[in-house]
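Report on the structure
So you can see what is in the structure, the chains are spelled out below.
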Amino acid sequence: MSLHYAAVRLEEMVSRILYSGTRNASSWAFRAWLALREAQVDFEEHIVDIRVPQRFENLARIQAFSPPGAVPVLVDGDHAIFDSLAIMEYANDRSGGRLLPSDPVIRAIARSLLAWQHSGLSGLCARLSFESAFYPERRAMTEDEQAQTERIAAAWESTLKRGGGPWLTGDLSLADLAFVPTVIRLLAHGPDLSAYPLSEQWASRLLQRPSVNEWMQQARDLPPVYLDDYQPA
Ligand SMILES: N[C@@H](CCC(=O)N[C@@H](CS)C(=O)NCC(=O)O)C(=O)O
């Protein structure tokens, strides 16, 4: 057996398990899962039921090997890689850096968008949860939610205009993938995005990706997860 062959065999034997969450409730797991899929990293998946009341017992089990006691967690060999952002960066590294731009400034722009999303998007449309995108009867956006949606759409629009598309920073990157659950929850509530045509095209391109469709198909098959703060004030 040649040395090269031996190395390939070892690589194949690495076991990776992604502990992800309920498909129609776990937007953080969705992001990590998408990055691994788009990076073509092999992994097994264990879906953790994060619905109340079993949520608490299930997450306590996760805490036995991952300090935050949350999903997603990627177990790679005997290492636990926790937090969706770390898993997304890992997916990019495993892909040889394909999921972040190579130019340092453009890469920093992609990371800025990623960081904005990861730090909570400044509370944007907080009551329009990912879960609410799957409710059979959805309410209209409030005026304030429409205004907040336009604020993020303006950021997408100027980034797309400046970079020339088709994705936020040129080629598909972690920044696009990070926004998938946001796009889903906002579009499910029918915002008027007519003033942001590039963002509309980008969003529909994003939602057509096979990886996104695979997750969403399974999410739509589940009973909705109702949250108390959905109704307008
Ligand atoms: N910052 C974490 C957030 C993960 C998170 O909040 N996951 C939810 C499910 S989508 C969870 O497991 N929450 C349990 C908890 O925080 O107690 C990440 O990006 O992975």
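Residues numbered from 1 in each chain as written. Predicted model: local features only at pLDDT ≥ 70, side-chain atom pairs only at ≥ 80, totals over all residues. Heavy atoms only, no water.

A closer look at the domain arrangement of the protein
Our working rule: For each domain, the first and last residues come from an automatic or database assignment. Throughout, a residue-residue contact means that at least one pair of heavy atoms, one from each residue, lies within 4.5 Å. Two parts lose some accessible area (1.4 Å probe) when they are put together, and adding that loss for both gives the buried area. By salt bridge we mean one thing: a side-chain nitrogen of Lys or Arg within 4 Å of a carboxyl oxygen of Asp or Glu. N or O atoms within 3.5 Å of each other form a polar contact, as long as, within protein, one can give a hydrogen and the other can take it, and as long as residues adjacent in sequence are counted only when both atoms are side-chain atoms. What counts as a helix is a DSSP run of H or I of at least four residues, what counts as a strand is a run of E of at least two, and both are numbered from the N terminus. Throughout, the ten residues Ala, Val, Leu, Ile, Met, Phe, Trp, Tyr, Cys and Pro are labelled nonpolar, Asp, Glu, Lys and Arg are labelled charged, and all others, Gly among them, are labelled polar.
Domains assigned within the protein are domain 1 (3–94) and domain 2 (104–220). Between the C-alpha centres of domain 1 and domain 2 the distance comes to 23 Å. Facing 22 residues of domain 1, the contacting portion of domain 2 comprises 23 residues. Between domain 1 and domain 2 the total buried area reaches about 2,100 Å² when both faces are included, carbon and sulfur atoms providing 66% of it. When the area that domain 1 buries against domain 2 is broken down by residue, the three leading residues are Arg23, Phe30 and Glu38, summing to 32%. At the surface where domain 1 touches domain 2, the tally comes to 3 salt bridges. A salt bridge links glutamate 214 to arginine 37; the shortest N-O distance between them is 2.5 Å. At the boundary of domain 1 with domain 2, the tally comes to 9 residue pairs in polar contact (both at pLDDT 80 or more). Top contributing element to the side of domain 1 that touches domain 2 by residue count: helix H2 (residues 27–38), with 10 residues. When the residues that make up the side of domain 1 that touches domain 2 are grouped by side-chain class, the tally is 9 nonpolar, 6 polar and 7 charged.

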